[in-house]
Amino acid sequence: MPATSRRQRPARRWSRTAVVAALVGATLGLTPLATAATDTGSTSTQNEAGHRISAERQSLDVMPTVTSKDGLFPETKADMEPVEGALARTEGVFEFGANGVADATQYLYSLDFDHPNKKAVPTTKGGPATVSITPLTPGPHTLFVRIQDAEGNVGPMYLYRFYVKSPGVPDKPGDLNGDGHPDLFAIDGTGNLGLHAGTGGGRVDSMVPLSAGGGWNDALLTHRGDWTGDYYEDLVARRSDGKLWLFPNNGLGEFSEDTRQEVYFFPDPVTGTVIDPSTIKQIVSLGDINPNSSEPSHPDFVAVIGDQLWYLPGSFYGSIDGGYVIGSSGWGDMQLASPGDVDGDGFTDLIARDTSTGQLWVYHGKSAGHSDGDTDPASLGADANRTAYATDWTTTARPLFTASGDSDGDGVPDLWTTTSNTTAGLEFVPGRRTGLVGPPTVVGTGGWQAIELIS
C-alpha cells in the first residue's frame, strides 16, 4: 500500500475573523438587568382571612436577590468590567432571597434560558433557597431567577450575569468529561449511543445513555481534538443519512442533536473534486497534526474511501479542506484507530488492523520537515513506516477495537477491544513504545457481544 506522491501545497487557511464576525456581533452588549412582568387587567378580592383571591394571576413587582454563596461566580453588573469566576465545569452554590416577599414559596430559575423552568423551594415561606449549578463552558453566562408566591403569582426576573474562566488548555486525548481519563463511546444493539466514562487503569463505568429511540445504527464515530474552540474534545460522526456531523461536547461528554453541525467539505483547489462523505468506509480523527501557533487548533482526519487511504485536513468550525490520497491501495480491508504518538518521537501515529489476517500494525508518523513539528500525512499511509503491533487479532476473536489515549498513566496510548468470550467481553490492552502490545486485562464482562461499535 505505497503512498501516492503529491506535490506539497499550502493548506487552505480561512480568516477566523471572516468566519465568526457575523455570528458574534449581537452577543457583545448587555441587556437590561430586569424584565418587568405586567398584568394590568387583574382584579382581586380578599377572603375572610385577609388573603388575596385573584380573578387573574397578580404580578409581583419585586425581584429576588441572587448571590454566589461560595463566591466562585461573582456577579458582573451592567456598569462593571467583567469579573472572571471559577473554571468551567466547577460547581457553584447560588442563594436566592425573597427580598421582603413574605409569602414567597419558590424561586423559578434557569441558566442561559430566559424562561425559568427549574424550582428552588425555601425551607420556610419568604426564606432563602440555595441551588448548585455547574456552568460547563467558559465565557459569559446569565442566571434567570424570579419569585413565585403562595397564590401562584410570579414576579419580574432578575438577570444575574457572571463570567466563567477558561481552562486555557485542551483536555487530554480521549477525555470527554474533563476528569483526566480517556472515555469510551459505544453503540449498542438497539442503535443507541452511550458513554462509558473511564476511571483509570483501563477500567470504565457502566454506560450512560446519550440517545433514545435508535438512529445510530451503522454510524462511524471518532473523537480526538477540539473543533469548537472551548478546549473540549468533540464527537464527529457519519450517520446513516450519509452526512458527516460535528457534535460539540458540552464539557461532560454529552451531545445534542440540537447543536450538531453538518461538516462542510471544500473542493480540492487543484481538481475541484468534493468528497462525498457517504463514500467513507472508516474515518478517524488524528488531532491537529499540522499545528499553526497563529491559528486555532482543528483536528485532521484520515479516512478509507474505496480501497484508498485519504488525508482530510480539518479547517475552521466544522469544515474540511480538499483531501488527497496517502495510501493508494489495500486499505479496504483495514480497520483504523487513532492512538496519538505511540513511539514517543513527537509525531502522530496510526494503528490499522488487516481484517484478512488479524495482523495489527502501527504506521509511524514522520516529520514533515517544518519547525513547528508537523506530521507528514503521507507517512501514515506508507508500508515502509509500519511495524507489527499484535497478531491473531481476527474479527472473530476481537470484533471491535479502538485506541483510547493513555488510560493507565504510563505515557503510552492504550487500546480497548471487545472479545468473543462472553465472560471477558471488554479487554484493556496496554500500549508499548516498541514491540507488541502488552497483556490484556478484562475490564467488562457480559453484554459486549451486542455492541456494534466502540470509539
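Residues numbered from 1 in each chain as written. Predicted model: local features only at pLDDT ≥ 70, side-chain atom pairs only at ≥ 80, totals over all residues. Heavy atoms only, no water.

**Brief notes about the overall build of the chain**
Along the chain, the regular secondary structure elements total one helix and 38 strands. In the chain, the proportion of contacts linking residues at least 24 apart, taken out of those at least 6 apart, comes to 53%. Within the structure as shown, the chain displays about 20600 Å² of accessible surface, and the carbon and sulfur contribution to it stands at 52%. (Helix = DSSP H or I, 4+ residues; strand = E, 2+ residues; numbered from the N terminus. Contact = heavy atoms within 4.5 Å. Areas by Shrake-Rupley, 256 points an atom, 1.4 Å probe, with all protein chains shown as cover.)

**Structural notes on the nonpolar core**
If you look at the biggest cluster of nonpolar residues, it comprises 24 residues, and the most contacted ones within it are Phe94, Phe96, Tyr107, Tyr109 and Leu143. Of all the secondary-structure elements, those providing two or more residues to this core are β6 (92-97), β7 (104-111), β9 (129-133), β10 (139-149) and β11 (157-165). It is β11 that provides the largest number of residues to this core, a total of four residues. Leave out the neighbours within four places in its chain, and Leu143 touches Val66, Phe94, Phe96, Tyr109, Ser110, Leu111, Ile133, Tyr158, Leu159, Tyr160 and Phe162. (Core = buried A, V, L, I, M, F, W, Y, C linked by side-chain atoms within 4.5 Å. Buried < 20%, exposed > 50% of the residue type's maximum accessible area, 1.4 Å probe, protein only.)

**Focus on the environment of Asp258**
You can see Asp258 is positioned in the loop between β19 (244-247) and β20 (261-262). For Asp258 and Phe247, which are eleven residues apart along the polypeptide, the C-alpha to C-alpha distance reads 9.2 Å.

**What to know about the packing of aromatic side chains**
Counted by the stated rule, this structure contains 15 aromatic pairs. Consider the rings of Trp227 and Phe301, whose centres lie 5.3 Å apart with planes at 45 degrees: the pair is tilted. Placement of the pair is Trp227 in the loop between β17 (220-222) and β18 (235-238) and Phe301 in strand β23 (residues 300-305), with a sequence separation of 74 residues. Both residues of the pair, Trp227 and Phe301, belong to the buried class. Judged by centre distance (4.9 Å) and plane angle (85 degrees), the ring pair of Tyr264 and Phe266 falls under edge-to-face. (Phe/Tyr/Trp six-rings, centres within 6.5 Å; stacked < 30°, edge-to-face > 60°.)

**A look at the pairing of β9**
Covered by surrounding structure in β9 are Ala129, Val131 and Ile133 only, the residues Thr130 and Ser132 on the alternate face being uncovered. Both β6 and β9 contribute to a ladder of five bridges, which runs antiparallel. Bridging from a neighbouring strand, Val93 pairs with Ser132 of β9. (Pairing = 2+ DSSP bridges.)

**A word on the sheet that holds strand β30 (residues 359-363)**
In a beta sheet, neighbouring strands pair by backbone hydrogen bonds and run either parallel or antiparallel. Read across the sheet, four strands follow the order β28-β29-β30-β33 without closing on themselves; strand pairing throughout is antiparallel. Looking at strand neighbours, the two that pair on one side only are β28 (334-340) and β33 (386-390), the edges of this open sheet. For this sheet, the mean inter-axis angle between neighbouring strands, taken without regard to orientation, is 30 degrees. As defined by bridge partners, β28 adjoins strand β29 (residues 349-354) across five bridges and the pair is classed as antiparallel. Note that in β29 the partner of Gly340 across the bridge is Asp349. (Axes fitted to C-alpha atoms, helices over the stretch in contact; angles between N-to-C directions.)

**Points about the side chain of Asp374**
Following the sequence through the fold, Asp374 ends up in the loop between β31 (366-367) and β32 (375-376). Since its relative accessible area comes to 6%, Asp374 is described here as buried. Leave out the neighbours within four places in its chain, and Asp374 touches Ile289, Asn290, Pro291, Phe347, Lys366, Ser367 and Ala368.

**Some points on the pattern of salt bridges**
Taken as a whole, this structure holds seven salt bridges when the rule is applied. Across the salt bridge formed by Glu257 and Arg260, the nearest N and O atoms sit 3.3 Å from each other. For Arg260, a relative accessible area of 30% translates into the label partly exposed. Note that Glu427 and Arg398 form a salt bridge whose closest N and O atoms lie 2.9 Å from each other. Pair noted here: Glu427 is in strand β36 (residues 426-429) and Arg398 is in the loop between β33 and β34 (401-405), with a separation of 29 residues, a long-range link. Taken individually, Glu427 and Arg398 each receive the classification buried, so the pair is uniform in this respect. Residues joined by salt bridges that share partners form a network here, namely Arg239, Glu257 and Arg260. (Salt bridge = Lys/Arg side-chain N within 4 Å of Asp/Glu carboxyl O.)

**Here we look at unusual backbone geometry**
Backbone phi values are negative for most residues with the exception of glycine, while trans is the configuration of most peptide bonds. Not every positive phi belongs to a glycine, and Arg89 is a case in point at roughly 75 degrees. A positive phi angle is found at Asp218, which is not glycine, with a value near 65 degrees. Mapped onto the elements, Asp218 comes out in the loop between β16 (208-209) and β17.

**Focus: the sheet that holds β18**
Spatially, β17-β18-β19-β20 is the arrangement adopted by the four strands of the open sheet, whose pairing is antiparallel. The sheet is open, and its two borders are formed by β17 and β20, each paired with just one other strand. As paired strands, β18 and β19 are joined by four bridges and run antiparallel to one another. Note that in β19 the partner of Ala237 across the bridge is Trp245.

**Quick notes on the pairing of β10**
With respect to burial, β10 is a largely interior element, ten of its eleven residues being buried. Pairing between β7 and β10: seven bridges, direction antiparallel. Paired with Leu111 across the bridge in β10 is Leu143. Examined bridge by bridge, β10 and β11 share seven bridges and lie antiparallel to one another. In the sheet register, Pro140 faces β11, and the bridge partner there is Tyr163.

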